[in-house]
Amino acid sequence: MSARILVVDDDRDIRDLVAIKLESAGYEVVVRSDGSQALEAALEGAWSLIVLDLMMPGMSGIDVLRAIRDRGDTTPVILLTARGQEKDIEAGFAAGADDYVTKPFSPRALLARVTATLG
């Protein structure tokens, strides 16, 4: 059984790019487009990994991540975001992220990080 990955980004092009890259590597991928959908899916599903944007409508990625962690969920989370300042990266890790990737990004490098995170 392949790993199940939840990909959340409000930018359709990025969401589709990430999903295609992960699916081509054999992962099962489910996509969502905003923070509220992300939290609902995260709490309802059994995920191997979550790839999560920070800046989204409805609920920010940081808020989603905090809500997931507050429930004791230890699913690995890779933040994928345009916010690359040091304070943003620190906030992401403080909220419980396992990795932090800034946009623009290399799809191959993201796949390598997903693979490494999943062990």
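Residues numbered from 1 in each chain as written. Predicted model: local features only at pLDDT ≥ 70, side-chain atom pairs only at ≥ 80, totals over all residues. Heavy atoms only, no water.

### Looking at the side chain of Arg-15
Locating Arg-15 in the fold gives a position in helix H1 (residues 12-24). Despite its burial, Arg-15 pairs with no opposite charge, the nearest such side chain being Asp-16 at 4.7 Å. Looking at Arg-15, its side chain comes within polar contact range of the main-chain oxygen of Asp-9, at 2.7 Å. (Helix = DSSP H or I, 4+ residues; strand = E, 2+ residues; numbered from the N terminus. Buried < 20%, exposed > 50% of the residue type's maximum accessible area, 1.4 Å probe, protein only. Lys, Arg positive; Asp, Glu negative; His and termini not counted. Salt bridge = Lys/Arg side-chain N within 4 Å of Asp/Glu carboxyl O. Polar contact = N/O pair within 3.5 Å; in protein donor to acceptor, adjacent residues only side chain to side chain.)

### Description of the packing of helix H2 (residues 35-44) against helix H3 (residues 61-70)
For the pair H2 and H3, the least separation of the axes is 9 Å and the interaxial angle reads 20°. Here H2 lies roughly parallel to H3, going by the angle between them. Between H2 and H3 lies a crossing of right-handed hand. Contacts from Gly-35, Ala-38, Leu-39 and Ala-42 in H2 reach Val-64, Ala-67 and Ile-68 in H3. Across the contact of H2 with H3, the residue classes break down as six nonpolar, one polar and no charged. (Axes fitted to C-alpha atoms, helices over the stretch in contact; angles between N-to-C directions. Parallel < 35°, antiparallel > 145°, perpendicular 65-115°, else oblique. Left-handed = near helix turned anticlockwise from the far one by under 90°. Contact = heavy atoms within 4.5 Å. Nonpolar A, V, L, I, M, F, W, Y, C, P; charged D, E, K, R; others polar.)

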